[in-house]
Amino acid sequence: MIALSVNLNKIALIRNSREGNFPDVVAHGRTCLDAGADGITVHPRPDQRHIRPGDVRDLATLCAGRGVEFNVEGNPFAGAMGNYPGLLPLVLETGPQQCTLVPDSNEQLTSDHGFDLNKDGARLEPIIKQLKDAGVRVSLFMDPDKQQISLARDVGADRIELYTGPYAEAVSQQSADLDSIFAAHCAAAEHALFLGLGVNAGHDLNLINLPRYRTLPGLQEVSIGHALTVDAINMGLTNAVAAYVNCLAGN
Ligand SMILES: CC(=O)[C@@H](O)[C@H](O)COP(=O)(O)O
Ligand SMILES: NCC(=O)COP(=O)(O)O
């Protein structure tokens, strides 16, 4: 079974376009879980363009109460900004089951690459240890590069999350490179499994590109937000979550 973790960033983005709490991010998280999602993902960014620290606290409480996985993503090097305390303090305070470390700069529109662990491995290692000592599973956002994935194991990660943006783009463009891109993801996943790492995946996955991606060897979890939120506009959130659950089950 491949777990579906629904990313609520885009619900928060709409909420932040007005004063007040509409739509309510926690209520939408509850609806996703009621509809069959296995967990919730958020990616707080220092500029608080969508998820705010208070959302992380409230969703941690929701997920703990439901006994489901809470996955907090972000850049561990970004530091505090305003009332954003920095990823590590927020994760250590809220105790999610999983923290996915992502090498984003504050200026990025969205995540667009995995870690270069030749560059960042040494400073990630103590952060990973601190998170694991606190009982938080650590996943690293990675490109499908076997040498880099070996380094992910060496710095102590539990899992990798394969960055699926280029795969999704190749599907949407009907690119001639699609088969080789997916083959590289499969080889990367096999390598991670061989090293004892778990395999997650995410970014721009949708109902069109997921049927193939779900066949990735050993895939444990996908986190999906943008496309699922757009689908929810058309079909409703409960139906959208159910569609993704069915798709992951191969139906
Ligand atoms: C790591 C990843 O691929 C997603 O978390 C993505 O970065 C979503 O973040 P935004 O919703 O800010 O684009
Ligand atoms: N980790 C990927 C994620 O949480 C969702 O990304 P997207 O579906 O919003 O592109």
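Think of each chain on its own: its residues are numbered from 1, step by step along the sequence as written. Here the convention is simple: chains get letters from A, ligands get numbers from 1, in the order in which they are written. Predicted model: local features are reported for residues with pLDDT of at least 70 only, side-chain atom pairs are reported and counted for 80 or more only, and whole-chain, interface and lining totals are derived from all residues. With hydrogens and water set aside, each side-chain value is computed from the structure's full complement of heavy atoms.

1. Considering the site of ligand 1
Then comes step 1: Note on terminology: near, applied to a residue and a molecule or strand, indicates that one of the residue's heavy atoms is within 4 Å of it. In the region of ligand 1, the neighbouring residues are Asn 7, Asn 9, Lys 10, His 43, Arg 45, His 50, Glu 73, Val 102, Thr 110, Ser 111, Phe 141 and His 203.
Then comes step 2: Contacts described as polar in this section are N or O atom pairs within 3.5 Å, which, within protein, must combine one atom able to donate a hydrogen with one able to accept it, while residues neighboring in sequence count only if both atoms come from side chains. Here an oxygen atom of ligand 1 and a side-chain polar atom of His 43 are 2.9 Å apart.
Then comes step 3: Methods summary: accessible areas were calculated by the Shrake-Rupley approach with a probe of 1.4 Å, and residue burial reflects only the protein chains presented. For ligand 1, the protein covers 91% of the area, taking 350 Å² as the surface of the free molecule.
Then comes step 4: Put simply, Ala, Val, Leu, Ile, Met, Phe, Trp, Tyr, Cys and Pro go in the nonpolar bin, Asp, Glu, Lys and Arg in the charged bin, and everything else, Gly too, in the polar bin. Looking at the shell around ligand 1 residue by residue, the classes come out as two nonpolar, seven polar and three charged.

2. Digging into the UniProt feature "site: Transition state stabilizer" (unreviewed entry) in the protein chain
Then comes step 1: When the UniProt feature table is mapped to this numbering, "site: Transition state stabilizer" (unreviewed entry) covers Glu 161.
Then comes step 2: Relative to the assigned elements, Glu 161 resides in strand 6 (residues 159-163).
Then comes step 3: Buried, partly exposed and exposed residues are distinguished by accessible area as a fraction of the type maximum, computed with a 1.4 Å probe on protein chains only: under 20%, between the cut-offs, and over 50%, respectively. On the basis of relative accessibility, which here comes to 3%, the residue Glu 161 falls in the buried class.
Then comes step 4: Pairs of residues are marked as contacts when any of their non-hydrogen atoms sit within 4.5 Å. If sequence neighbours within four positions are ignored, Glu 161 has contacts with Glu 73, Thr 100, Ser 139, Leu 140, Phe 141, Met 142, Asn 200, Ala 201, Gly 202 and Ser 223. UniProt positions are given in the numbering used here, feature names are shortened, and annotations may be inferred rather than shown by experiment. Runs of E in the DSSP output that reach at least two residues are strands. Runs of H or I that reach at least four are helices, and both are numbered from the N terminus.

3. Let's talk about the environment of His 43
Then comes step 1: Within the secondary structure layout, His 43 lies in the loop between strand 2 (39-42) and helix 3 (53-66).
Then comes step 2: Expressed as a C-alpha distance, the spacing of His 43 and Asn 71, which sit 28 residues apart in the sequence, is 8.6 Å.

4. Describing helix 3
Then comes step 1: Look at helix 3: 20 Å from first C-alpha to last across 14 residues, which is about the 20 Å you get at 1.5 Å a residue.
Then comes step 2: Turning to helix 3, its buried residues are Pro 53, Asp 55, Val 56, Leu 59, Ala 60, Leu 62 and Cys 63.
Then comes step 3: Buried residues belonging to helix 3 abut helix 1 (9-15), helix 2 (25-34), strand 2, strand 3 (69-74) and helix 4 (87-94).
Then comes step 4: Just beyond helix 3, the residue with positive phi is Gly 67, at close to 65 degrees. Helix span, as expected, comes to 1.5 Å for every residue beyond the first.

5. Examining the UniProt feature "active site" (unreviewed entry) in the protein chain
Then comes step 1: Per the UniProt record, "active site" (unreviewed entry) is found at His 43, Glu 73 and His 203. The greatest C-alpha distance among the annotated residues, which extend across 161 residues, is 12.1 Å, indicating that they converge on a single site.
Then comes step 2: Excluding residues that lie within four positions of it along the chain, His 43 makes contacts with Asn 9, His 50, Ile 51, Glu 73, Gly 74, Val 102, Asp 104 and Ser 111.
Then comes step 3: Among the structural elements, His 203 can be located in the loop between strand 7 (198-202) and helix 9 (210-213).
Then comes step 4: The contacts of His 203, once residues within four sequence positions are left out, are Thr 110, Ser 111, Tyr 163, Thr 164, Gly 165, Ala 168 and Ser 223.

6. Side note on the site of ligand 2
Then comes step 1: Around ligand 2, the neighbouring residues are Asn 7, Thr 41, Glu 73, Glu 161, Gly 202, His 203, Asp 204, Ser 223, Ile 224, Gly 225 and His 226.
Then comes step 2: Glu 73 is positioned such that a nitrogen or oxygen atom in its side chain is 2.6 Å from a nitrogen atom of ligand 2.
Then comes step 3: Contact distances for ligand 2 include 2.7 Å between a nitrogen atom and a side-chain N or O atom of Ser 223.
Then comes step 4: When ligand 2 sits alone it has 310 Å² of accessible area, and the protein chains cover 92% of it.

7. Quick notes on the nonpolar core
Then comes step 1: Note on terminology: a nonpolar core comprises buried Ala, Val, Leu, Ile, Met, Phe, Trp, Tyr and Cys residues joined through side-chain atoms within 4.5 Å. Residues Leu 101, Leu 140, Leu 162 and Val 222 are the most contacted members of the largest nonpolar core, which totals 76 residues.
Then comes step 2: Considering every element that reaches this core, the biggest residue donor is helix 8 (residues 178-195), with seven residues.

8. A word on helix 2
Then comes step 1: Within the span of helix 2, buried status applies to Val 25, Val 26, Gly 29, Cys 32 and Leu 33. In an axial view of helix 2, the angular spread of the buried residues amounts to 115 degrees, which keeps them on one side of the axis.
Then comes step 2: Residues of helix 2 that are buried in the fold lie against strand 1 (3-7), helix 1, strand 2, helix 3 and helix 11 (237-248).
Then comes step 3: One side-chain oxygen at the N-terminal end of helix 2 lies 2.9 Å from the backbone nitrogen of Val 26; it belongs to Asp 24.
Then comes step 4: In the segment just after helix 2, Gly 36 is the residue with positive phi, at about 115 degrees. Summarising the geometry, the arc corresponds to the directions from the helix axis toward the C-beta atoms.

9. Quick word on the pairing of strand 8 (residues 219-224)
Then comes step 1: Buried residues dominate strand 8, accounting for five of its six residues.
Then comes step 2: Bridging between strand 1 and strand 8 involves four bridges; their strand directions are parallel. From the neighbouring strand, Ala 3 faces strand 8, where its bridge partner is Glu 221.
Then comes step 3: Both strand 7 and strand 8 contribute to a ladder of four bridges, which runs parallel. Its bridge partner lying in strand 8, Gly 202 is registered against Ser 223. A pair of strands is considered paired only if DSSP assigns at least 2 bridges between the two.

10. Let's talk about the sheet that holds strand 2
Sheet strands associate in pairs through backbone hydrogen bonding, adopting either a parallel or an antiparallel arrangement.
Then comes step 1: With respect to topology, eight strands assemble into a closed barrel ordered 1-2-3-4-5-6-7-8, the strand pairing being parallel. For this sheet, the mean angle separating the axes of adjacent strands, direction not counted, is 25 degrees.
Then comes step 2: Each of strand 1 and strand 8 is contacted by helix 11, which is oriented at about 150 degrees to strand 1, the strand it contacts most. Helix axes are fitted to C-alpha atoms over the stretch in contact, other axes to C-alpha atoms as well, and angles between N-to-C directions run from 0 to 180 degrees.

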